[in-house]
Every structure is written in structure tokens, then in C-alpha cells.
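Structural overview for review
What follows is the residue order along each chain.
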Amino acid sequence: MGETPKPDEIGVPYRSEVAQRKTSTFSKTLSYLVFQAHGVRVGLELSLCVIVYALSTALIPWTLLGVPEKWSVIICWFGSCFGIIVFDQLVLCRAAFSLKRAYLLNLSGSHQEALDVLDEVGPHTEQRITLPQDLYHLQRAEIFASSNDFEKSFAELQLAEFAGADEFRIRLSRSNTYLEQNDFLQAQAEIQALIDIHGETPVLKLEQALLHFREREDLWKSKALLKEVLEMPDAAHFAGESSQQIARAYLNACRLFTGEAEEGLDGLNDCIDRLRSAILYVDSLRPIVSELLLERAFYQATHKEPQAAFLDHKVALSLCQKSSFLKRSEEIKEELAWRHEMEI
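A short tour of the structure in this document, coming up. (Residues numbered from 1 in each chain as written. Predicted model: local features only at pLDDT ≥ 70, side-chain atom pairs only at ≥ 80, totals over all residues. Heavy atoms only, no water.)

**Re the overall build of the protein**
When you go through the protein residue by residue, the secondary structure sums to 17 helices and 0 strands. Counting only C-alpha atoms and orienting by the principal axes, one finds that the protein spans roughly 80 × 60 × 45 Å. Residues counted as buried form 48% of the 344 residues belonging to the protein. Looking at the protein alone, contacts between residues at least 24 apart form 59% of all its contacts between residues at least 6 apart. For the protein, the exposed area adds up to about 18000 Å²; of that, 56% sits on carbon and sulfur atoms. (Helix = DSSP H or I, 4+ residues; strand = E, 2+ residues; numbered from the N terminus. Buried < 20%, exposed > 50% of the residue type's maximum accessible area, 1.4 Å probe, protein only. Contact = heavy atoms within 4.5 Å. Areas by Shrake-Rupley, 256 points an atom, 1.4 Å probe, with all protein chains shown as cover.)

Below you can see the structure in the form of C-alpha cells.
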């Protein structure tokens, strides 16, 4: 095969081929425990805690060491738990932490750095625990979409599909890429295809409503769909919050621009406060909170509240800098400059 190419010279198809050739069954099992079977991993670790505890109490001569029996039991239990936690965090979940870091870098606009972090734990590396190949390509597709490199984003989605990624995630990611490309018809077509397969679930109807919201040509249509979501049974959204809570937040954002501004602003304030408290431990809510803050900032900029708009704008961009959000940011800056002579 000749000399091994450098990481920045390896094409995506080559990486896919290498990943399939080098990934062992043991590595796949570990990756499955880390990225998919969280409950199984925790169960195995608890069982291991019990085993280590039993061995330590039986094999270590605590009485000869001058440790009372009641203290030896406590030391063995907490020692075994601490050891397993350290092993889990420093060894097993290292790749998961790299994935989280890449996700946050992408949100901050550091797209190339995010790709580099992903490559450190990608399926083509020699690491024992690596990102599953489908997840690796899905994350790369998201980064390329955020950086407006749509050709590479679609190519990565195709590779994720070849690697066995779930059709639901593929179509959602493809819809997001079309959205970033301002191709709302194709983005809607992907969501409609999922609705045809899975039915009108709260999550899919919510995604349909959000596409109309972001297109901004018919906020009343988005408003109607969001009300329908609130009338459906609640369901967990992949962003890490309930579908009804997200729908309620965006419904209030719609009200700002559809004749119910006073009620919408009060409701939106409450929703933002709740969601902001959750982003401390749910990173996937950051884009949602950022978008809602930008909507509130735009409203404030057009209603004689420039300082509040400035603060919301600043916080929003600290949470997420997707290209579509940066466009809204420019609109806010223009409003502040024109109405209030405030330069950001």
C-alpha cells in the first residue's frame, strides 16, 4: 500500500476503508458500551465494584494492618467504587469526552479544531476505544454543515449511511444540512419522509414547525404546528428536553412577531430561564437557547431595549455560532446600529 498518508491527507473514503479493516470485535464492544449501552456499562461496573469489594475484604489482612473490621469494610467499599469511577472516566469514557469537546468546539465556531479532536478518537486510529464509524461520520457531517461546506457534509452522511447509521438520524442530519444551505423545501421533504414512515410523532411535528419558524415566511403556520405539539402526548426530544417544553418556548418566540408580543415575551422569559439552567449539564440544548436568545434580542432591539438586546446577543453567540445564527446576529446588529446608534 506504500507510505501511510498523513492525517490531513487521508480522504474520507480512505478513512472509512481503514476503519472497517482495523476495528476489532473487542474494540467494537467497548465502543458500544461507552456510546450506546450506558445502562449495561453502569451495571457491569457496579458488579465489578462488588467483586473488587469482596476480594479486597477477603485477601487483604486488615487486622494485621491494625485496621478495625468496621473501618475495613468502609475502606474496601468506597475504595472499590472510587477505583471503578476513575477507570470509567479516565479510560473508558476518554473518547466520549473527546466527542463532547469536538461538539462544543463546533458550536463555538472552531470547526477545524473540532475535526482534529474527532480525528484523535476516530475509527481509523489505533486507540482501543474509538468513536463508532457511523457516529464519527455523523459528527463530521454536522461540523461541515456548520462551516457551510455542504458538499463534504452530504458525503459524510452517505458514509454514515454505509456504516449502518439509523435512517432517522440520517434524515434529520440531512434536513439540518439543507436548512443551513437555506434549502427549506428539501429540508421539509426529509422531515416529511420520516413522518410518512413513523407517523406524526411529537418530535417530528416539532421539527416540522421549527423549519417553518426558521424559514420565516409563515410564522402563523409554525405557530399552529407548535400548538398541535402541545396538544399531543409529551415525548422526549433528542436535544435532551421534552418536546412540549421546546414547543412552548418557540411558540412564545412566534408570538413576539404575530401580534401577541406581551404574552409571548413573558412566556419566553420563563422558558429561557428554565432551559438556561439545563444547559449546564445538557450541551445539546445550547443551540436552542442561543436561538431563543437571538429572537428575544431582535425583538428588544426593535422595541427600545438596546441594552437588553446587547446582553442577549452576547450570551447567545457564546453558546452557539452556527452560520444561520450568525445571519440573525447581523440583523440584530443592523437594528441596534440604525435605531439606537449602538455598534457591536
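**Thoughts on unusual backbone geometry**
Backbone geometry at N182 places phi at a positive 65°, although glycine is not the residue there. When its relative accessible area of 43% is taken as the criterion, N182 is described as partly exposed. Its identity as a non-glycine residue notwithstanding, K304 has a phi of 60°, on the positive side. Examined against the element boundaries, K304 turns out to sit in the loop between helix 15 (286–301) and helix 16 (306–319).

**Some words on the environment of W71**
By secondary structure assignment, the location of W71 is in helix 4 (residues 69–92). By relative accessible area, W71 is classed as partly exposed at 48%.

**Quick word on a nonpolar patch on the surface**
Taken together, the side chains of L48, I51, V52, L55, L59, I60 and L65 present a nonpolar region at the surface, about 630 Å² in accessible area. Structurally, L48 is set in helix 3 (residues 38–59). (Patch = residues over 30% accessible without salt bridge, like charges linked within 9 Å, V, L, I, M, F, W, Y side chains within 5 Å. Salt bridge = Lys/Arg side-chain N within 4 Å of Asp/Glu carboxyl O.)

**Examining the environment of L46**
Among the structural elements, L46 can be located in helix 3. On the basis of relative accessibility, which here comes to 52%, the residue L46 falls in the exposed class. Taking the C-alpha atoms as reference points, L46 and I85, separated by 39 residues in sequence, lie 9.9 Å from one another.

**Some words on the packing of aromatic side chains**
Within this structure, the stated rule accounts for 5 aromatic pairs. Centroid distance F213 to Y250: 5.4 Å. Interplanar angle 80°. Geometry classified as edge-to-face. With a gap of 37 residues between them, F213 in helix 11 (residues 202–215) and Y250 in helix 13 (residues 243–255) connect regions that are remote in the sequence. This pair shows no difference in class: F213 is buried, exactly as Y250 is. (Phe/Tyr/Trp six-rings, centres within 6.5 Å; stacked < 30°, edge-to-face > 60°.)

**Topic: the packing of helix 15 against helix 17 (residues 323–340)**
Packed helices, taken two at a time, are described by their axes: the angle between them and the distance between them. One way to put it is that helix 15 packs onto helix 17 with a least axis distance of 9 Å and a crossing angle of 20°. Taken together, the axes of helix 15 and helix 17 lie roughly parallel to each other. Crossing hand, helix 15 versus helix 17: left-handed. Only F325, R328, E331, I332, E335, L336, R339 and H340 of helix 17 make contact with helix 15, whose side of the interface consists of P287, S290, E291, L294, E295, A297, F298 and A301. Across the contact of helix 15 with helix 17, the residue classes break down as 8 nonpolar, 2 polar and 6 charged. (Axes fitted to C-alpha atoms, helices over the stretch in contact; angles between N-to-C directions. Parallel < 35°, antiparallel > 145°, perpendicular 65-115°, else oblique. Left-handed = near helix turned anticlockwise from the far one by under 90°. Nonpolar A, V, L, I, M, F, W, Y, C, P; charged D, E, K, R; others polar.)

**Some points on the pattern of salt bridges**
Per the counting criterion, the structure on display carries 25 salt bridges. For the salt bridge of R214 with E291, the shortest nitrogen-to-oxygen distance reads 2.9 Å. Within this pair, whereas R214 is found in helix 11, its partner E291 is found in helix 15, the two being separated by 77 residues in sequence. Given the relative accessible area of 25%, R214 is considered partly exposed. Residues R328 and E295 are paired through a salt bridge, measuring 2.9 Å at the closest nitrogen-oxygen approach.

**Focus on the packing of helix 10 (residues 184–198) against helix 11**
In the contact formed by helix 10 and helix 11, the axes pass within 10 Å of each other and the chain directions differ by 170°. Between helix 10 and helix 11, the interaxial angle falls into the category roughly antiparallel. Remark: the crossing between helix 10 and helix 11 carries left-handed chirality. Along its contact with helix 10, which presents F184, A187, Q188, I191, Q192, L194, I195 and H198, the element helix 11 presents L204, E207, Q208, L211, H212, R214 and E215. For the contact of helix 10 with helix 11, the per-class residue count stands at 7 nonpolar, 5 polar and 3 charged.

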